[in-house]
Amino acid sequence: MIRFAGLEFKGLTREVLLREEGFLKIIVTVNAELIVLANEDERFKRLINANYATFDGQVPYLLARLKCRGAYFEKISGSDFIYDACEFARKHVKRVFLLGGYTNSNRLAVERLKKEYDIEIEGFSPEHRPYPFDAVHNARILERLSSFGPHILFVGFGAKKQEFWIEDNKKLLKNIGVRWAVGSGGTFEMVSGQFRRASRFLQNVGLEGVYRMCKEPSLYRLKKLLNSIKMFRYLF
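What you see as residue numbers is a count from 1 along each chain, following the sequence as written. Owing to the predicted nature of the model, reporting of local features is limited to residues with pLDDT of at least 70; listing and counting of side-chain atom pairs is limited to 80 or more, with chain, interface and lining totals taken over all residues. Based on all heavy atoms of the structure, the side-chain values leave hydrogens and waters out of the count.

(A) Looking closely at the pairing of strand β6 (residues 121-124). A strand pair is defined by DSSP finding two or more bridges across the two strands. Helix and strand assignments come from DSSP, with helices taken as H or I runs of at least 4 residues and strands as E runs of at least 2, each series counted from the N terminus. Here four bridges tie strand β5 (residues 96-100) to β6, and the two strands are oriented parallel to one another. Each residue of the ladder has a partner; that of L99, found in β6, is F124. Convention used here: a crossover is right-handed provided that the path from the first strand, over the helix, to the second strand proceeds clockwise when the strands point away from the viewer. Taken together, β5, helix α6 (residues 103-117) and β6 constitute a β-α-β crossover, and its handedness is right-handed.

(B) Structural context of the sheet that holds β5. Here we have six strands laid out as an open sheet, ordered β4-β3-β8-β7-β5-β6, and parallel in their pairing. In the strand order of this sheet, the two ends are held by β4 (52-55) and β6, each with one partner. Each strand of the sheet is rotated relative to its neighbour by a mean of 20°, with strand direction disregarded. Judged from the four bridges that link them, strand β3 (residues 25-30) and strand β8 (residues 180-183) form a sheet pairing that is parallel. Across the sheet, I26 pairs through a bridge with A181, a residue of β8. Helix axes are fitted to C-alpha atoms over the stretch in contact, other axes to C-alpha atoms as well, and angles between N-to-C directions run from 0 to 180 degrees.

(C) How the structure looks around the packing of aromatic side chains. Under the pairing criterion, centres of Phe, Tyr and Trp rings, with the six-membered ring standing for Trp, must be within 6.5 Å; the plane angle then separates stacked pairs below 30 degrees from edge-to-face pairs above 60, leaving the rest tilted. Across all of its chains, the model carries 12 aromatic pairs by this definition. Ring geometry for F133 against F157: centres 5.5 Å apart, planes inclined by 85°, an arrangement best described as edge-to-face. Here F133, found in the loop between β6 and α7 (135-148), pairs with F157, found in the loop between β7 (152-156) and α8 (161-168); they are 24 residues apart in sequence, far enough to count as distant. Between K25 and the ring centre of Y52, over which it is positioned, the NZ or CZ distance is 4.9 Å. Remark: a charge is flagged as sitting over a ring if the NZ atom of Lys or the CZ atom of Arg is within 6 Å of the ring centre and within 35 degrees of the ring normal.

(D) View of the nonpolar core. Here, the term nonpolar core denotes a set of buried Ala, Val, Leu, Ile, Met, Phe, Trp, Tyr and Cys residues that are joined through side-chain atoms within 4.5 Å. Only protein chains enter the accessibility calculation, which uses a 1.4 Å probe. A residue is then buried if its area is under 20% of the maximum for its type, exposed if over 50%, and partly exposed in between. Counting residues in hydrophobic clusters, the biggest one holds 45 residues, and the most contacted among them are F4, V30, L99, L145, L153, W165 and L173. With six residues, helix α2 (residues 32-39) is the single largest residue contributor to this core. Listed in part, the 26 residues of the second largest apolar core include L17, F88, A109 and F154.

(E) Focus on unusual backbone geometry. Here Y131 and P132 are connected by a cis peptide whose omega angle stands at 5°. The residue P132 is located in the loop between β6 and α7 in this model. You will see that V93, though not glycine, has its phi angle at about 55°, which is positive. Note that V93 resides in the loop between α5 (78-92) and β5. Here D118, not a glycine, exhibits a phi torsion of approximately 55°, which is positive. Structurally, the position occupied by D118 is in the loop between α6 and β6. Taking relative accessible area as the criterion, D118 reaches 69% and is therefore assigned exposed.

(F) Spatial organisation of α2. Of all eight residues that make up α2, seven are buried, and the element is covered over most of its length. Taken together, the buried positions of α2 are occupied by A32, E33, L34, I35, V36, L37 and A38. Two N or O atoms count as a polar contact when they lie within 3.5 Å, although within protein this holds only if one can serve as hydrogen donor and the other as acceptor, and sequence-adjacent residues are included solely when both atoms are side-chain atoms. A side-chain oxygen of the first residue of α2 lies 3.2 Å from the backbone nitrogen of E33; this N-cap is N31.

(G) Region of interest: the packing of α2 against helix α3 (residues 42-50). Where α2 contacts α3, the axes come no closer than 6 Å and their chain directions differ by 120°. Judged by the angle between their axes, α2 and α3 are oblique. Note on element contacts: α3 touches α2 through E42, F44, K45 and I48, opposite L34, L37, A38 and N39. Ten residue types, Ala, Val, Leu, Ile, Met, Phe, Trp, Tyr, Cys and Pro, are classed as nonpolar, four, Asp, Glu, Lys and Arg, as charged, and the remainder, Gly among them, as polar. For the contact of α2 with α3, the residue count by class is five nonpolar, one polar and two charged. Orientation categories follow fixed angle ranges, with anything under 35 degrees roughly parallel, anything over 145 roughly antiparallel, 65 to 115 roughly perpendicular, and all other angles oblique. The criterion used for residue contact is that any of the two residues' heavy atoms lie within 4.5 Å.

(H) Structural context of the side chain of T187. Tracing the backbone shows T187 in helix α10 (residues 187-192). For T187, the side chain forms a polar contact with the main-chain nitrogen of S79, separated by 3.4 Å.

(I) Here's a closer look at the environment of V59. Relative to the assigned elements, V59 resides in helix α4 (residues 58-67). Separated by 172 residues in sequence, V59 and M231 have C-alpha atoms that sit 9.8 Å apart.

(J) Looking closely at α8. Counting buried residues in α8 gives six out of eight residues, a clear majority hidden from the surface. Of the positions making up α8, those classed as buried are K161, Q162, E163, F164, W165 and I166.

(K) Here's a closer look at the pairing of β4. Every second residue of β4 is oriented toward a common face, with Y52 and T54 on one face and A53 and F55 on the other, all of them buried. Two strands pair when backbone bridges link them, and β3 and β4 are joined in this way by four bridges, in the parallel orientation. Residue pairing across strands places T29 opposite T54, the latter belonging to β4.

In short, geometric facts, not functional conclusions.
Structure representation (structure tokens):
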């Protein structure tokens with residue numbers, strides 16, 4: 001485990017994340033924005049610290065490397081880990097489910113991963129609702145999951161919302177056989193090809209967020225980017 005910016009990171013390597021433990025493993029891929037959100041929301045911080053947090057953003061990862069010299073850990077983003085999970089599913093005959101994201105992105109991501117990895121995979125993009133969901137809406141989601149019985153679940157509802165949903169439904173998820181639940185943000189848009197990810201160079205120098213704002217300019221994106229800079233307030 002590594003302590004950084006007020007959070008505890010236990011998802012240090014892909015090997016750790018994909019190890020079968022016999023319980024529901026909740027994985028949170030933590031970038032600069034999530035560091036800020038967690039330090040401003042005590043429930044979210046407790047959730048992250050109680051589960052398997054990974055270093056997602058390049059800037060937090062590099063700063064953690066400087067702070068935690070001698071410790072070995074990997075940068076693991078949701079948009080990379082989904083391929084690791086699908087390869088694991090192919091080798092170990094596991095079922096994968098993509099929940100959330102835009103309808104078209106979800107469908108195209110499922111089609112691509114099914115073709116590329118030849119795995120059992122399904123997806124469902126429910127109508128957008130504020131969280132917490134009403135009982136009928138939530139029951140519809142759980143019914144789709146129950147009928148398929150995934151072992152690996154990616155949830156693309158957006159930061160905090162997806163993690164809170166996983167935590168609030170973890171007992172039911174465990175009962176239907178889910179063993180890995182991953183908050184995946186906009187991963188399905190990248191997997192589907194609806195949004196082209198920044199080049200490896202821009203990722204490595206920590207400009208992926210800036211790249212996305214330039215490709216999809218909006219006040220929402222600008223606010224996310226500016227809010228992420230507040231991460232430096234919590235480094236020490």
